[in-house]
Structures are given as C-alpha cells and as structure tokens.
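Here's the letter readout for the chains.
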Amino acid sequence: MTIDFHSHILPCLDDGSASVEESVHLLDIMARNGTDLVIATPHFYCHEIDTKSFLSARQNSYEQLKPYLKPDHPKILLGAEVLYTSKLNHLDDLEKLCIEGTNYLLLEMPYLRLSNQIIDIVSQLVDCGRVKILVAHIERYLNFTDYSELEALMSLDVLGQLNSNSFLERKTKKRCFKLMNQGFVQVIGSDMHHEDRGVPVAKAYEVIAKKYGHDKVEQIKESGKRLLKDMETYEVIL
Ligand SMILES: [Fe+2]
C-alpha cells in the first residue's frame, strides 16, 4: 500500500489546490502513480485561525470535493501541517489536528536555525503526551540549520517525513539518504500543492529501490501502515 503522508490537495484552503478541478487533477496524478491513500494536510497557522474555525473550513473544503472523487482516486484521510510556535503546548484542541484516526501531528518547523529553545519546546510537547510528533520534510531545514541541530531535534521521541521531490535532485537526495541512514525517517509525502509543485511518492520509491532495492521500499511502506495504526514504527535504516 502506497501512502502519501503530506499534501495540499483540498481546494481553496491554503497555497495548495486553488479549486475543486485542480484537486481532482492532483488526485488523478496520484492515482496514475499508484498512491492508495493520501493524508490531506492543509497548513495550520495558529496566529491566523483558531482550531475550531480551521476544522470547519477543512470539512467544508472536503465536502465540496467529495462529489467529484473517482473510484480510482486515493482514499483521503484528514490532517494538518501545523506550524511550530512556542505556544503549541497550550493550544486548545491540538489533538484534533492529528492525522485522522491517529495521535500523530504533522509538525512544520520554522524556517530558521533550530535553537536549543525551539528544541526544548518540541521536547516539552513530546513529554506532555497530548500528541505524537511527525516532523514534516525534515531535509528542508538543512537550508536553515546545522546538521547537528537537526540531529538534536530528530533525536527526540519524534518521527520524520521526507518530501518525494527531494529524491530527484543530487544535493537533496544525498541529504535524504543520510537522514534515512540515521533512522530519522519513517514516511514519505509528496507535499503536493500543484501539478508543478510536488511529485507522487512513487517517484521517491523508484530512486530508493534503484539504490537500495525493493525491500527497502517495502520497509518504508510498512512503517507508514504502522504509523496509521498508531503502532510503534520501524526505524528505516539503510
Ligand atoms: Fe506542506
């Protein structure tokens, strides 16, 4: 089963799909590339909207899309890509932003150096036990922070997600494999916003299979299934 853990396919919610037609087009692309299940993770910025309004807008968007879904489209589960803030621990209804049916929150880190203070706050969030953390596109933060700082974040009791398009460029592919080698990566997502922004997860699987064999791809798929069952995930170590 191919699961896409990160996408912006719901219409008119964020900087992702701008219409129902575009959402259908993105789902067509995913279907053609073998995606069975996609987590819809619209951006959630707590300085812009409260949780209740976000959940209501997300549901409305999904209801608009539903009549146009096709039988071969991937099944959709609802979630959110929640931007880090120091106040996240105290946010009402944080649990409701988790990936549907799980206790996992897709957390987007700020695009700046991951200071000790930021890492401490994520650590507190982990320790308080309200939610479990899946850190979004962990390879991207290396544009802003040192490897050792990212390593400190990922050494907390958190899981990691990589973006599939990062496997298509030499520099970012190298990063992805290094992070996988360290056991920081459990799942992959397309982070698809538009046809030209994000690629289906199968594209990453092709690159991984070519270098490390199909067993490694199966291991990642299994780790995704386990996450959705809220079970302990395997560490994907190459
Ligand atoms: Fe995203």
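For every chain, the first residue of the written sequence is number 1, and numbering continues from 1 onward in sequence order. Where local features are concerned, this predicted model is filtered to residues with pLDDT of at least 70; where side-chain atom pairs are given and counted, the filter is 80 or more; whole-chain, interface and lining totals use all residues. In computing side-chain values, all of the structure's heavy atoms are included and hydrogens and water are not.

*Asks:* Can you explain the coordination of the iron ion? Please cite residues and give values.
*Replies:* Here the coordinating atoms are restricted to nitrogen, oxygen and sulfur within 2.8 Å of the metal centre, or 3.2 Å for Na, K and Ca, and because water is not among them the sites may look incomplete. On the protein side, the iron ion has H6 (NE2), H8 (NE2), E81 (OE) and D191 (OD) as donor atoms, found 2.1 to 2.3 Å from it. Along the chain, the residues donating to the iron ion are arranged with the sequence spacing H-x1-H-x72-E-x109-D. Placement of H6 in the loop between β1 (3-4) and α1 (20-32) and of D191 in the loop between β9 (187-189) and α6 (201-212) is noted, with a sequence separation of 185 residues between them. Assessed through its relative accessible area of 0%, H6 is described here as buried. Going along the chain from the N terminus, every DSSP run of H or I of four or more residues is numbered as a helix, and every run of E of two or more is numbered as a strand. Throughout this description, buried means an accessible area under 20% of the type-specific maximum (1.4 Å probe, protein chains only), exposed means over 50%, and partly exposed covers the range between.

*Asks:* Describe the packing of helix α5 (residues 170-181) against α6, listing the residues and the values that go with them.
*Replies:* Contact pair α5 / α6: the axes reach a minimum separation of 12 Å and the direction vectors enclose 70°. Judged on the interaxial angle alone, α6 and α5 are roughly perpendicular. Of the two possible hands of crossing, α5 and α6 adopt the one that is right-handed. Two secondary-structure elements touch here, α5 through K173, F177, M180 and N181 and α6 through V207, I208, K211 and Y212. Lines fitted to C-alpha atoms define the axes, with helix axes restricted to the stretch in contact, and inter-axis angles between N-to-C directions lie between 0 and 180 degrees. We call two directions roughly parallel when the angle between them is under 35 degrees, roughly antiparallel when it is over 145, roughly perpendicular when it lies between 65 and 115, and oblique otherwise. The hand of a helix crossing depends on one turn: near helix anticlockwise from the far one by less than a right angle means left-handed, and clockwise means right-handed. Throughout, a residue-residue contact means that at least one pair of heavy atoms, one from each residue, lies within 4.5 Å.

*Asks:* Describe the side chain of T145, listing the residues and the values that go with them.
*Replies:* Considering the arrangement of structural elements, one finds T145 in the loop between β7 (132-135) and α4 (147-154). Of the polar contacts made by the side chain of T145, one reaches the side chain of E149; its length is 2.5 Å. Not counting chain neighbours up to four residues away, the residues in contact with T145 comprise L112, R113, L114 and L150. Polar contact is the term for a pair of N or O atoms within 3.5 Å; when the atoms are in protein, one must be able to donate a hydrogen and the other to accept it, and sequence-neighboring residues count only if both atoms are side-chain atoms.

*Asks:* Quick one: what's the story with the sheet that holds strand β4 (residues 75-78), residue by residue and with numbers?
*Replies:* Pairing is parallel across the open sheet formed by three strands, whose spatial order is β1-β2-β4. The open sheet has two free edges, formed respectively by β1 and β4, since each of these has just one partner strand. In this description, strands pair whenever DSSP reports at least two bridges between them.

*Asks:* Describe the pattern of salt bridges, naming the residues involved and giving the relevant values.
*Replies:* For this analysis, a salt bridge means a side-chain nitrogen from Lys or Arg found within 4 Å of a carboxyl oxygen belonging to Asp or Glu. In this structure the tally under the stated criterion is 10 salt bridges. For R130, the salt bridge identified is with E95, shortest N-O distance 2.9 Å. Residue R130 is located in the loop between α3 (116-128) and β7, and its partner E95 is located in the loop between β5 (81-83) and β6 (104-108); the two are separated by 35 residues in the primary sequence. For R130, a relative accessible area of 21% gives the class partly exposed. For E95, a relative accessible area of 36% translates into the label partly exposed. Among the ionic pairs, K225 bridges to E222, the shortest N-O distance being 3.7 Å. With K225 and E222 both in helix α7 (residues 214-228) and three residues apart, the pair spans about one turn of that helix. Classification of E222 by relative accessible area gives partly exposed; the value is 28%. Here the residues in one salt-bridge network are E222, K225 and R226, joined through shared partners.

*Asks:* Could you give an account of α3, naming the residues involved and the relevant values?
*Replies:* Spanning 13 residues, α3 covers 18 Å between terminal C-alpha atoms, matching the ideal 18 Å at 1.5 Å per step. For α3, the secondary structure elements touched by its buried residues are β6, β7 and α4. In this analysis, the expected span of each helix is defined as 1.5 Å times one less than the number of residues it contains.

*Asks:* Describe in detail unusual backbone geometry, supporting the description with residues and values.
*Replies:* The residue C12 is not glycine, and still its phi comes out positive at about 60°. With respect to the helices, strands and loops of the structure, C12 is situated in the loop between β1 and α1. In this model, D191 sits at a positive phi of 50°, which is unusual for a non-glycine residue. Using a relative accessible area of 5% as the deciding quantity, one classes D191 as buried.

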